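Reading the structure
Chain by chain, the residues run as shown.
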Amino acid sequence: MLQIGDVARQVGLSLRTVRFYEEAGLLTPVGRTQGGFRLYDEDALDRLLLIKRMKPLGFTLEEMRSLLGVRDELRLPDLAPDRRHELQERLRTWAVLAEGKLADLRARAGIAADFVAGLHDDAAREPDPPAGTADTTPGDGASAVTSDDVSQDDVSQDGETRAGPPTETTSDTI
């Protein structure tokens, strides 16, 4: 027999979560200590581990309750063969449902992985220069000048561009 803290620790759930599943009718203590603490057996551990595996697939509490009921009934030693066959068929249906939920989860995980990869790509990408600033060509340190960058003051009477003092540009970084 295990107390609730031991059960929670062994299955990796909080005390609050174990109590919640008990209140939801998914888990029943097999007894209490003289001090009133809940006691659980190995079956309770198995139930909680099953619930824990169902949770990421999005099973509702009602679905969990139903599946646990099927499994509990299958454990009955004097179960009629036709009823056992019916319950096993229901388990096969649960397996197909779980496979569908797993496929959906994998698809959503793929979308999430693509999103994360895109964020990494965006973070590694060099920022585009702000509009109106000169592009620099790597290697020679010279600036490429476009007609938008040249003001009337930079053009002489004969139409030639003259060199003027460098202007400061600032760029905001992320």
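Above this text is the structure in question.
In this report, the structure presented in the accompanying data block is examined.

Calculation criteria
- Residues numbered from 1 in each chain as written.
- Predicted model: local features only at pLDDT ≥ 70, side-chain atom pairs only at ≥ 80, totals over all residues.
- Heavy atoms only, no water.
- Pairing = 2+ DSSP bridges.
- Helix = DSSP H or I, 4+ residues; strand = E, 2+ residues; numbered from the N terminus.
- Axes fitted to C-alpha atoms, helices over the stretch in contact; angles between N-to-C directions.
- Parallel < 35°, antiparallel > 145°, perpendicular 65-115°, else oblique.
- Left-handed = near helix turned anticlockwise from the far one by under 90°.
- Contact = heavy atoms within 4.5 Å.
- Nonpolar A, V, L, I, M, F, W, Y, C, P; charged D, E, K, R; others polar.
- Phe/Tyr/Trp six-rings, centres within 6.5 Å; stacked < 30°, edge-to-face > 60°.
- Lys NZ or Arg CZ within 6 Å of the ring centre and 35° of its normal.

1. As for the sheet that holds strand S3 (residues 38-40)
- Ordered by their spatial adjacency, 3 strands build an open sheet running S1-S3-S2, and the pairing between neighbours is antiparallel. At either margin of the open sheet sits one strand with a lone partner, and together these are strand S1 (2-3) and strand S2 (31-32).
- Direction of pairing for S2 relative to S3: antiparallel, over a ladder of 2 bridges. In the sheet register, Gly-31 faces S3, and the bridge partner there is Leu-39.

2. A short note on the packing of helix H1 (residues 4-11) against helix H3 (residues 42-54)
- Two elements in contact, H1 and H3, have axes whose closest approach is 10 Å; the angle formed by their N-to-C orientations is 45 degrees. With respect to H3, the axis of H1 lies oblique. Both H1 and H3 take part in a crossing whose hand is right-handed. Contacts between H1 and H3 involve Val-7, Gln-10 and Val-11 from the first element and Leu-45, Leu-48, Leu-49 and Lys-52 from the second.
- Grouping the amino acids of the contact of H1 with H3 by side-chain chemistry returns 5 nonpolar, 1 polar and 1 charged.

3. So, the packing of aromatic side chains
- What the rule picks out here adds up to 2 aromatic pairs.
- The cationic tip of Lys-101 hangs over the ring face of Phe-59; the distance from NZ or CZ to the ring centre is 4.8 Å.

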